[in-house]
Amino acid sequence: ETGVTQSPTHLIKTRGQQVTLRCSSQSGHNTVSWYQQALGQGPQFIFQYYREEENGRGNFPPRFSGLQFPNYSSELNVNALELDDSALYLCASSSPGGGGFYGYTFGSGTRLTVV
Amino acid sequence: AQRVTQPEKLLSVFKGAPVELKCNYSYSGSPELFWYVQYSRQRLQLLLRHISRESIKGFTADLNKGETSFHLKKPFAQEEDSAMYYCALSLMNTGNQFYFGTGTSLTVIP
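Residues numbered from 1 in each chain as written. Chains lettered and ligands numbered in written order. Predicted model: local features only at pLDDT ≥ 70, side-chain atom pairs only at ≥ 80, totals over all residues. Heavy atoms only, no water.

Engineer: Describe in detail the layout of surface pockets, supporting the description with residues and values.
Structural biologist: Each pocket or cavity is described by its volume, and for the second largest pocket that value is around 180 Å³. When grouped by side-chain class, the residues that make up the lining of the second largest pocket number one nonpolar, four polar and two charged. (1 Å grid on protein atoms, 1.4 Å probe; cavity = no way out; pocket = protein on both sides within 12 Å on 5 of 7 lines; lining within 4 Å. Points joined across faces, edges and corners; volume = space filled by probe spheres on them. Nonpolar A, V, L, I, M, F, W, Y, C, P; charged D, E, K, R; others polar.)

In structure tokens, the structure reads:
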């Protein structure tokens, strides 16, 4: 059984650019969530996908968007990058309906730096 | 609104001493609460969840609805417990969104 894998591990982008981060869910997990973790803060919920549909969103602007594919892998896209978008981006997956009860399995994250 | 509060950013205890990491939440419904731990250079991982009433690595946490708290406790701290600990609240009616606290960095002094 594989865990949650994210790519790339580190990324440097220029303000105004666009970025795509990728995540492969743990085997058997069909729900994926994305979190942003700024330095010294806890993870902040961006959105969640279930069966390729967004079914929950945190307080993030529309330039943060996502996709979930039939194999349950996922992407996080951020347009018009701002300096404050610099953070660790975490992907988390869970079994069907299980996240709220059983918790999520987290990936190691992608460290995004916007300069 | 801050839904999860961890008042201590840093906590140091001696090996063998009891440890308590505080967590308070704000939610009027029935909460699902979790503790996550992040050891140095490792990913965030689930430590325990209140619904299972389990003890993991000697840690326990009791949900106190009256005080809206979910403090993490261990009677005898070990050096390997040194890590970052996050309390998290799940709101089932928001698609299982998790609210995390800002975390407490625990250092166990040998």
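Engineer: So what's going on with the sheet that holds strand β1 (residues 5-7) of chain A? Residues and values would help.
Structural biologist: All names here are of chain A. Pairing within the open sheet is antiparallel, and its four strands lie in the order β1-β3-β8-β7. Each edge of the open sheet is held by one strand with a lone partner, namely β1 and β7 (64-68). Direction aside, neighbouring strands of the sheet carry axes that sit 20° apart on average. Where strand β3 (residues 19-24) meets strand β8 (residues 74-78), five bridges bridge the pair, whose relative direction is antiparallel. Its bridge partner lying in β8, Thr 20 is registered against Asn 77. (Pairing = 2+ DSSP bridges. Helix = DSSP H or I, 4+ residues; strand = E, 2+ residues; numbered from the N terminus. Axes fitted to C-alpha atoms, helices over the stretch in contact; angles between N-to-C directions.)

Engineer: I'd like a description of the pattern of salt bridges, backed by residues and values.
Structural biologist: For the structure on display, the rule yields eight salt bridges over all chains. The closest approach of N and O atoms between Glu75(A) and Arg22(A), which form a salt bridge, is 3.5 Å. Taken together, the residues Glu75(A) in strand β8 and Arg22(A) in strand β3 connect sequence positions 53 residues apart. Take Glu75(A): its relative accessible area is 15%, and that puts it in the buried class. A salt bridge links Lys74(B) to Asp81(B); the nearest nitrogen and oxygen atoms lie 2.8 Å apart. A relative accessible area of 10% places Lys74(B) in the buried class. (Salt bridge = Lys/Arg side-chain N within 4 Å of Asp/Glu carboxyl O. Buried < 20%, exposed > 50% of the residue type's maximum accessible area, 1.4 Å probe, protein only.)

Engineer: Residue-level account of unusual backbone geometry, with values.
Structural biologist: For the bond running from Ser7(A) to Pro8(A), omega is -10°, close enough to zero to count as cis. One can find Pro8(A) in the loop between β1 and β2 (10-13). The phi dihedral of Lys57(B) falls on the positive side, at around 55°, and the residue is not glycine. Structurally, Lys57(B) can be placed in the loop between β6 (45-49) and β7 (60-61). Looking at Lys57(B), the relative accessible area reads 46%, which means it is partly exposed.

Engineer: Account for the nonpolar core, with residues named and values stated.
Structural biologist: Counting residues in each nonpolar core, the largest one holds 25 residues, and the members touching the most others are Trp35(B), Leu72(B) and Tyr85(B). Every element with two or more residues in this core is listed here: β2 (10-14), β3 (19-21), β5 (32-38), β6, β9 (83-91) and β11 (104-109) of chain B. If one sorts the elements of this core by residue count, β9(B) sits on top with five residues. Sequence-distant contacts of Leu72(B), that is, excluding residues within four places in its chain, are made with Val19(B), Glu20(B), Leu21(B), Trp35(B), Leu47(B), Leu48(B), Phe59(B), Thr60(B), Ala61(B) and Tyr85(B). Counting residues in hydrophobic clusters, the runner-up holds 19 residues, among them Val4(A), Val19(A), Phe64(A) and Tyr89(A). (Core = buried A, V, L, I, M, F, W, Y, C linked by side-chain atoms within 4.5 Å. Contact = heavy atoms within 4.5 Å.)

Engineer: Account for the pairing of strand β5 (residues 44-50) of chain A, with residues named and values stated.
Structural biologist: Looking down a regular strand, the side chains alternate between one sheet face and the other. Residues and elements named next belong to chain A. β5 sits mainly inside the fold: five of its seven residues count as buried. Alignment of strand β4 (residues 31-37) against β5, held across six bridges, turns out to be antiparallel. The residue bridging Tyr 35 from the neighbouring strand is Phe 45, located in β5. Examined bridge by bridge, β5 and strand β6 (residues 53-57) share four bridges and lie antiparallel to one another. By the bridge assignment for β6, Phe 47 is matched with Arg 57. Turn length for the β5-β6 hairpin, with the two strands adjacent in sequence and antiparallel, is two residues, and the turn residue Arg 51 shows positive phi of about 50°.

Engineer: Explain the sheet that holds strand β8 (residues 72-74) of chain B residue by residue, including any values.
Structural biologist: The strands making up a sheet associate through hydrogen bonds between their backbones, and the pairing can be parallel or antiparallel. Residues and elements named next belong to chain B. The three strands are arranged β3-β8-β7 in an open sheet whose pairing can be described as antiparallel. Both edges of this open sheet fall to β3 and β7, since each of them pairs with a single strand only. Relative to β8, β3 runs antiparallel, the two sharing three bridges. From the neighbouring strand, Val 19 faces β8, where its bridge partner is Lys 74.

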